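# Structural overview
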Amino acid sequence: MHEFGIAQAALQQVAAQAQQAGATRVHRIVLRIGALSGVDPEALRFALEVAIPESSAAGAEFEIETVPARARCQQCEREFEPKTGLFFECPHCQALGGTLTQGKEMHLVRLEIS
Ligand SMILES: [Zn+2]
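Please read all numbers here as calculations on a predicted model, not as lab measurements.

## Digging into the overall build of the chain
A count of helical and extended segments in the chain gives two helices and six strands. Along the chain, helices (α) and strands (β) appear in the sequence α-β-α-β-β-β-β-β when read from the amino end. In terms of overall size, the chain is more extended than a compact globule, its C-alpha atoms giving a radius of gyration of 17 Å where 114 residues would be expected to give roughly 13 Å. Judged by the C-alpha coordinates and their principal axes, the chain covers about 55 × 30 × 15 Å. In the chain, buried positions account for 23% of the 114 residues.

## Some points on the environment of Glu 42
Residue position: Glu 42 is located in helix H2 (residues 41-51). Its 10 C-beta neighbours within 10 Å are what place Glu 42 among the exposed residues. The spatial distance from the C-alpha of Glu 42 to the C-alpha of Glu 3 is 9.4 Å, given a sequence separation of 39 residues.

## Topic: the pairing of strand E1 (residues 26-34)
Here seven bridges tie E1 to strand E6 (residues 106-113), and the two strands are oriented antiparallel to one another. Following the sheet pairing, Arg 28 is matched in E6 by Glu 112. With seven bridges connecting them, E1 and strand E2 (residues 61-67) associate as parallel partners. Note on E2: the bridge partner recorded for Ile 29 is Phe 62. In terms of handedness, the path from E1 via H2 over to E2 forms a crossover that is right-handed.

## A few points about the nonpolar core
Residues Ala 7, Val 14, Leu 44 and Ala 57 are the most contacted members of the largest nonpolar core, which totals 17 residues. Going through the elements one at a time, helix H1 (3-20), E1 and H2 are the ones with two or more residues in this core. For this core, the leading source of residues is H1, giving six residues. Not counting residues within four places of it along the chain, the set of residues in contact with Ala 7 comprises Leu 44, Ala 47, Leu 48 and Ala 51.

Calculation criteria
- Residues numbered from 1 in each chain as written.
- Predicted model: local features only at pLDDT ≥ 70, side-chain atom pairs only at ≥ 80, totals over all residues.
- Helix = DSSP H or I, 4+ residues; strand = E, 2+ residues; numbered from the N terminus.
- Rg over C-alpha atoms; globule rule 2.2 N^0.38 Å.
- Buried ≥ 20, exposed ≤ 12 C-beta atoms within 10 Å, placed from the backbone.
- Pairing = 2+ DSSP bridges.
- Right-handed = clockwise from strand over helix to strand, strands pointing away.
- Core = buried A, V, L, I, M, F, W, Y, C linked by C-beta atoms within 7 Å.
- Contact = placed C-beta atoms within 7 Å.

This is the structure in structure tokens:
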């Protein structure tokens, strides 16, 4: 389960940002996970519950925002929600090869520190 590694990496980032801001306490961590990022939000939630108390962000609450996948068709330029797979088929004109515009993100969006 690679979500533990992701939780550790996120908490390292949290620690670095808190330190940079001169904060001593982390109150809230907000992460954003795209539907196609390959991260299971439930597994990540569990990993964070385990990892936070042992990190410098002990006592912090966290939130995981999930972002649906979006793709833009290269043919008709309309946006649609792609199904998982290597090729995204446009539901409007059936062209293959839409460009993913969101859904692969996995990052820290907000941090409440003091
Ligand atoms: Zn299209």
